[in-house]
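Residues per chain, in single letters:
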Amino acid sequence: MSKSKLEYIWLDGYYPTQNMRSKTKVIDDFSGKLEDCPIWSFDGSSTKQAEGNDSDCLLKPIAIYPDPARENGFLVMTEVLSADGTPHPTNARAKIDDNDNDFWFGFEQEYFIMDKDTQLPLGFPIGGYPGPQGMYYCSVGGKNTHGRDFVEEHADLCIAAGLNFEGINQEVASGQWEFQLFAKGAKKAGDEIWVARYLLDRLTEKYGYYIEYHPKPVKGDWNGSGMHANFSNTLLRTCGSQEIYEKVCEAFRPVTKEHIAVYGEYNDQRLTGLHETASINDFSYGISDRGASIRIPIITVEKGWKGWLEDRRPASNADPYKVAGRIVETVKSANIK
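Residues numbered from 1 in each chain as written. Predicted model: local features only at pLDDT ≥ 70, side-chain atom pairs only at ≥ 80, totals over all residues. Heavy atoms only, no water.

Asks: Explain the UniProt feature "domain: GS catalytic" (unreviewed entry) in the protein here, please?
Replies: As recorded in UniProt, the feature "domain: GS catalytic" (unreviewed entry) lies at residues 87-337. Segment residues 87-337 splits into 30% helix and 19% strand. End C-alpha atoms: 34 Å apart. (UniProt positions renumbered as here; feature names shortened; annotations may be inferred. Helix = DSSP H or I, 4+ residues; strand = E, 2+ residues; numbered from the N terminus.)

Asks: Please clarify how helix H7 (residues 320-333) should be interpreted in this entry.
Replies: Given 3.6 residues per helical turn, the α-helix brings residues three or four places apart onto the same face. Under the 1.5 Å per step criterion, the end-to-end length of H7 is 20 Å for 14 residues, consistent within 8% with the ideal 20 Å. In terms of burial, H7 is largely enclosed, as 10 of its 14 residues are buried. Along H7, the residues that are buried comprise Pro 320, Tyr 321, Val 323, Ala 324, Gly 325, Arg 326, Ile 327, Val 328, Thr 330 and Val 331. Backbone nitrogen of Tyr 321 and a side-chain oxygen of the N-cap are separated by 2.9 Å at the start of H7; the cap is Asp 319. (Expected span 1.5 Å × (residues − 1). Buried < 20%, exposed > 50% of the residue type's maximum accessible area, 1.4 Å probe, protein only. Polar contact = N/O pair within 3.5 Å; in protein donor to acceptor, adjacent residues only side chain to side chain.)

Asks: Can you help me understand the pairing of strand S10 (residues 209-212) in this one?
Replies: The side chains of a regular strand alternate between both faces of the sheet. Of the two faces of S10, the one holding Tyr 209 and Ile 211 is buried and the one holding Tyr 210 and Glu 212 is not buried anywhere. Where strand S6 (residues 104-115) meets S10, 4 bridges bridge the pair, whose relative direction is antiparallel. Residue pairing across strands places Phe 112 opposite Glu 212, the latter belonging to S10. (Pairing = 2+ DSSP bridges.)

Asks: I would appreciate a short explanation of a negative patch on the surface in the present structure.
Replies: Where like charges cluster on the molecular surface, the negative patch consists of Asp 43, Glu 51, Asp 54 and Asp 56. Relative accessible area serves as the criterion here: at 48%, Asp 56 is assigned to the partly exposed category. (Patch = residues over 30% accessible without salt bridge, like charges linked within 9 Å, V, L, I, M, F, W, Y side chains within 5 Å. Areas by Shrake-Rupley, 256 points an atom, 1.4 Å probe, with all protein chains shown as cover. Salt bridge = Lys/Arg side-chain N within 4 Å of Asp/Glu carboxyl O. Lys, Arg positive; Asp, Glu negative; His and termini not counted. Charge placed at Lys NZ, Arg CZ, Asp CG, Glu CD.)

Asks: Even after reading the chapter, I still don't get unusual backbone geometry, so can you show me in this structure?
Replies: Backbone geometry follows two general trends: most residues other than glycine have a negative phi, and most peptide bonds adopt the trans configuration. A cis geometry characterises the amide bond from Tyr 15 onward to Pro 16, with omega recorded as 5°. Tracing the backbone shows Pro 16 in the loop between strand S1 (3-11) and strand S2 (20-28). Unlike most non-glycine residues, Asp 29 shows phi in positive territory, near 50°. Note on placement: Asp 29 falls in the loop between S2 and strand S3 (40-43).

Asks: Honestly, the environment of Arg 70 in this entry has me stumped. Any pointers?
Replies: Counting through the fold element by element, Arg 70 comes out in the loop between strand S4 (56-66) and strand S5 (73-81). Taking the C-alpha atoms as reference points, Arg 70 and Ser 4, separated by 66 residues in sequence, lie 9.4 Å from one another. Ignoring anything within four residues of it in the chain, the contact list for Arg 70 reads Lys 5, Glu 7, Thr 24 and Arg 202. A distance of 3.0 Å separates polar atoms of two side chains, one belonging to Arg 70 and the other to Thr 24. (Contact = heavy atoms within 4.5 Å.)

Asks: I would appreciate a short explanation of the UniProt feature "domain: GS beta-grasp" (unreviewed entry) in the protein in the present structure.
Replies: Per the UniProt record, the feature "domain: GS beta-grasp" (unreviewed entry) sits at residues 4-85. The distance from the first to the last C-alpha atom of residues 4-85 is 26 Å, and the span holds 0% helix and 50% strand.

Asks: How do you make sense of the packing of aromatic side chains when you look at a structure like this?
Replies: One pair of aromatic rings is described through two measures. These are the centre distance and the angle between the planes. In total, this model carries 17 aromatic pairs according to the counting rule given. On the numbers, 6.0 Å between centres and 85° between planes, the contact of Trp 104 with Phe 182 is edge-to-face. Highlighted residues: Trp 104 in strand S6 and Phe 182 in strand S9 (residues 176-184), separated in sequence by 78 residues. Each ring, one from Phe 105 and one from Phe 231, has its centre 6.4 Å from the other, and the planes form 35°; the classification is tilted. Of this pair, Phe 105 sits in strand S6 while Phe 231 is found in strand S11 (residues 227-232), placing the two residues 126 residues apart along the sequence. When sorted by exposure, Phe 105 lands in the same class as Phe 231, which is buried. Of the aromatic side chains, those joined through ring pairs into one cluster are Phe 105, Phe 107, Phe 231 and Phe 252. Over the aromatic face of Trp 104 sits the side chain of Arg 237, whose NZ or CZ is 3.6 Å from the ring centroid. (Phe/Tyr/Trp six-rings, centres within 6.5 Å; stacked < 30°, edge-to-face > 60°. Lys NZ or Arg CZ within 6 Å of the ring centre and 35° of its normal.)

In structure tokens form, the structure reads like this:
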């Protein structure tokens, strides 16, 4: 009889920024298949998802990946259900309207690696600052590059887990990095970002680090952290029309506040109109414009207006389920005849 360790991962009820929670279920002779992962329960009163006198919430497995850091281990992403089996109010994944997986997403997750002892990003001296921005982005060498061993190990874990991991690079600020993931289907894209974040956070326990997802952890002349959302559907991938692309972009304008509401806490500190961002109070789009709310990639134009768009507004701490769900809703609302 073999035993397998299934790590059930879910999002708690903290608002507006939910946190990951997880616990291990040991199963005999597990097949490794999602359909053989049982529904499990947890104490919702400890995660702001239930009252103490009626505390049980349910965990519904929705994606499974091998756990590369554990022998006979699996990572099980779950949705939270109420005790009656209906989606819990904190369950944003269940609200995504993309059952045919027509929407494809490529998320660019930025983050700062923080030293647990100094409470500062890697490369920041106690009581001061490192050299100004300019030499850290995609840098090589010990003077400007901090945390590479950690980042490389995280990439290996994600690839070994079977995530569609597409790349890494150091970002503009010292100690700031980014990874990229792509998935066909809005729900799957969210699943993979959350599992990648889980592996990232768990890995910090070994290094004495922690991850800062705050979109502007270092004030002043330093870039903030985003989670740029590259997206397409059949329309955008095949239309071949600048007019249609502009109509899709214009569909975002009247619901700017609705998007910002789910694009991450403290995002006003990042979306200032500086440091490669548009102002949180404006909406704009443009070809190859990293200072716009939505960037139209030059490759999309060169391929005859067949490709994707990039919403540059989501913050690094945003929930990819909420971001994807809102983008799907807005694109579907575009007045395309």
